[in-house]
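# Structure assessment
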Amino acid sequence: MIYDIAIVGLGPSGIELAKKALSKDLSVIAFEKSSVGGTCLNLGCIPTKTMLSATEVFSKLKKFSKPDSLNLFKDNQNIYFELCKKNNAIVNKLSCAVEKELQNKGLLLIKEDAKISFNEQQAPFISAADKLYNAKRIFIATGSKPVTLDLDCSDGELIYSDDLLKLDNLPKSILIVGSGAIGIEWARILTSLGVEVTLIEKAKTIAPLCDIDVSARIERILKISKIKYYKDVVVTSFNSGFACLSNGLKVKCVKILCAIGRKPYLPQFEGNFKLKIFDDCTTNIDNLYVIGDAYGSKMLAHFASHQACALFEHIYEGKKFVVELTPSVIYGSPEIASIGVNEQDIPKSNDYRIYKLPISYLPKSWCDDETDGFIKIITKNNFIVGAHIVSKEASALITQIAIAIKAGINVDELKDVVFPHPTYSEGILEALNYG
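Report follows, based on the coordinates. (Residues numbered from 1 in each chain as written. Predicted model: local features only at pLDDT ≥ 70, side-chain atom pairs only at ≥ 80, totals over all residues. Heavy atoms only, no water.)

### Observations concerning the sheet that holds strand 15 (residues 255-258)
The parallel open sheet is built from 5 strands, whose spatial order is 8-15-9-10-11. Where the open sheet ends on each side, the last strands, each with one partner, are strand 8 (157-160) and strand 11 (228-231). Strand-to-strand twist across the sheet, computed as the mean angle between neighbouring axes with direction ignored, equals 20 degrees. In this structure, strand 10 (residues 196-201) lies alongside strand 11, joined through 4 bridges in parallel fashion. Looking at strand 11, one finds that T198 is bridged to K228. (Pairing = 2+ DSSP bridges. Helix = DSSP H or I, 4+ residues; strand = E, 2+ residues; numbered from the N terminus. Axes fitted to C-alpha atoms, helices over the stretch in contact; angles between N-to-C directions.)

### A few points about the state of the cysteines
Counted under the stated rule, the structure contains 0 disulfides. The thiol sulfur of C96 is not disulfide-bonded, and the nearest other cysteine sulfur, from C40, lies at 16 Å. Using a relative accessible area of 43% as the deciding quantity, one classes C96 as partly exposed. The cysteine C309 is free of any disulfide, with C281 supplying the nearest cysteine sulfur at 12 Å. Look at C309 and you get buried, because its relative accessible area is 16%. (Disulfide = S-S within 2.5 Å. Buried < 20%, exposed > 50% of the residue type's maximum accessible area, 1.4 Å probe, protein only.)

### Comments concerning the nonpolar core
Formed by 48 residues in total, the largest nonpolar core has its most connected members in I5, F31 and I126. Residues L190, V197, I206 and L257 belong to the second largest nonpolar core, which totals 39 residues. (Core = buried A, V, L, I, M, F, W, Y, C linked by side-chain atoms within 4.5 Å.)

### Looking at the sheet that holds strand 13 (residues 242-245)
Judged by pairing direction, the sheet is antiparallel, and its 3 strands sit side by side in the order 12-13-14 without closing on themselves. Among the strands making up the open sheet, the edge pair consists of strand 12 (235-239) and strand 14 (250-252). Taken pair by pair, the neighbouring strands of this sheet meet at an average axis angle of 20 degrees, ignoring direction. Direction of pairing for strand 12 relative to strand 13: antiparallel, over a ladder of 4 bridges. Residue pairing for strand 13: F238 is matched across the bridge by A243.

### Regarding the side chain of T326
Among the structural elements, T326 can be located in the loop between helix 7 (301-317) and strand 19 (328-330). Here the side chain of T326 touches E324 through a polar contact of 3.0 Å, landing on its backbone oxygen. Once residues within four sequence positions are removed from consideration, T326 is found in contact with K298, L300, H302, F303, S338 and I339. (Polar contact = N/O pair within 3.5 Å; in protein donor to acceptor, adjacent residues only side chain to side chain. Contact = heavy atoms within 4.5 Å.)

### Some details on the side chain of T379
As for its placement among the helices and strands, T379 is situated in strand 22 (residues 374-380). Under the relative-accessibility criterion, T379 is labelled buried at 2%. Those residues in contact with T379, other than ones at most four positions away along the chain, are D351, Y352, R353, Y355, I384, V385 and V411.

### Structural notes on the packing of aromatic side chains
Going through the model one piece at a time under the given rule, you end up with 5 aromatic pairs. Ring centres of F31 and Y133 lie 5.2 Å apart, and the angle between their planes is 70 degrees; on these two criteria the pair is classed as edge-to-face. Of this pair, F31 sits in strand 2 (residues 28-31) while Y133 sits in strand 6 (residues 131-140), placing them 102 residues apart in sequence. For Y133, a relative accessible area of 14% corresponds to the buried category. Between the NZ or CZ atom of R137 and the centre of the ring of Y316, over which it lies, the distance is 5.1 Å. (Phe/Tyr/Trp six-rings, centres within 6.5 Å; stacked < 30°, edge-to-face > 60°. Lys NZ or Arg CZ within 6 Å of the ring centre and 35° of its normal.)

### Quick look at the environment of K380
Mapped onto the fold, K380 is located in strand 22. Separated by 27 residues in sequence, K380 and R353 place their C-alpha atoms 6.5 Å apart. Once residues lying within four places of it in the same chain are set aside, the contact partners of K380 are D351, Y352 and V385.

### Points about the packing of helix 1 (residues 12-23) against helix 7
Two quantities define a packed helix pair, namely the angle between the helix axes and the distance between the axes. One can describe the packing of helix 1 onto helix 7 by two numbers: an axis separation of 7 Å at closest approach and a directional angle of 35 degrees. For helix 1 against helix 7, the interelement crossing comes out right-handed. Together, P12, S13, E16, L17, K20 and A21 of helix 1 and A301, A304, S305, A308, C309, F312, E313 and E317 of helix 7 make up the contact between the two elements. (Left-handed = near helix turned anticlockwise from the far one by under 90°.)

Here it is, written out as structure tokens:
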């Protein structure tokens with residue numbers, strides 16, 4: 001049998017592609033050697049949010065309690081293990097639900113490692129468990145893996161984000177290398193669980209990909225959370241319980257967490273074949289595509305899902321292949337969300353204007369005791385081209401901005417929208433009036 005579509009990997013992009021194809025009555029076969037859901041569901045997005053949700057509660061209880069009044073905080077090891085159990089239950093439930101949904105709609109799922117091979121005409125086919133499978137189109141959606149750290153690590157333990165839910169014991173201290181979303185979120189989680197955390201960043205600013213005001217605010221948040229951090233440094237060696245930094249400092253730590261990013265993970269190819277991936281997800285082989293993290297652009301689950309949907313509609317419905325502007329979020333308390341251009345990247349021009357509102361301006365922030373943060377909106381010729389929010393519910397607020405950008409709503413039209421009070425959402429209106 002020749003299937004309409006074969007998908008190698010069932011993470012966010014593979015799942016979205018399968019749903020779209022099955023809804024059009026196409027025959028779909030997918031290969032997934034581990035649990036359905038990919039890194040996001042099994043090792044990344046969902047586990048960290050589960051951990052953050054719980055540890056934020058612990059942090060608030062500690063804030064309003066005397067240090068020794070709650071036995072809850074006496075055994076952080078047990079708390080960590082209980083959270084891991086809860087996380088495993090949630091991940092298993094969600095993964096099984098998605099798998100069952102796709103199979104009920106007609107997906108043939110092969111739980112084996114897949115290898116891409118070619119016939120004499122260079123047409124691709126898939127081999128798995130000594131069987132051959134053919135499809136009219138093959139989509140590689142194999143995700144990503146952590147970028148490794150080249151480090152002299154004679155008697156210490158270097159771990160990656162994929163390892164954090166498999167620890168035998170919660171370390172007393174840890175050095176986190178990298179201040180992106182992975183590094184900052186795990187710094188928040190581990191600090192709440194009583195781990196002594198030190199964060200280092202190779203760049204001259206913390207969270208270097210963020211807007212300058214966001215980076216500065218993250219530094220403030222780290223200080224308030226008593227998380228030590230160093231900028232413009234790298235770790236040079238790790239032994240005898242100390243990490244040596246390029247600035248001459250030695251940091252005492254039990255483990256080092258490498259959180260310097262992720263890179264595409266591609267399946268095996270027969271022979272010496274070298275795959276070339278183009279901007280529209282096509283490759284140097286006809287009818288072979290690469291999507292999601294494997295494509296190597298934004299390592300975000302929602303980007304991967306949207307990209308897969310846009311590609312499917314381009315191929316099968318003739319729509320223009322456009323991947324919309326994608327928001328990013330660093331979770332925790334407060335949330336940090338961004339979309340579009342950063343202030344440091346815009347030219348000096350009268351066409352641009354920056355609106356900024358302290359979150360403490362909003363009554364709702366005082367009701368929630370969440371007054372730290374701001375809403376920053378960047379416009380060009382009265383249309384929003386970027387926004388950066390540090391606030392509770394920032395992930396929801398940035399979606400409202402994304403809708404305004406997509407719909408082409410200008411500042412004056414957005415001011416005509418009635419926002420409920422008291423909410424964080426009204427901060428968008430207040431920012432445009434305040435700024």
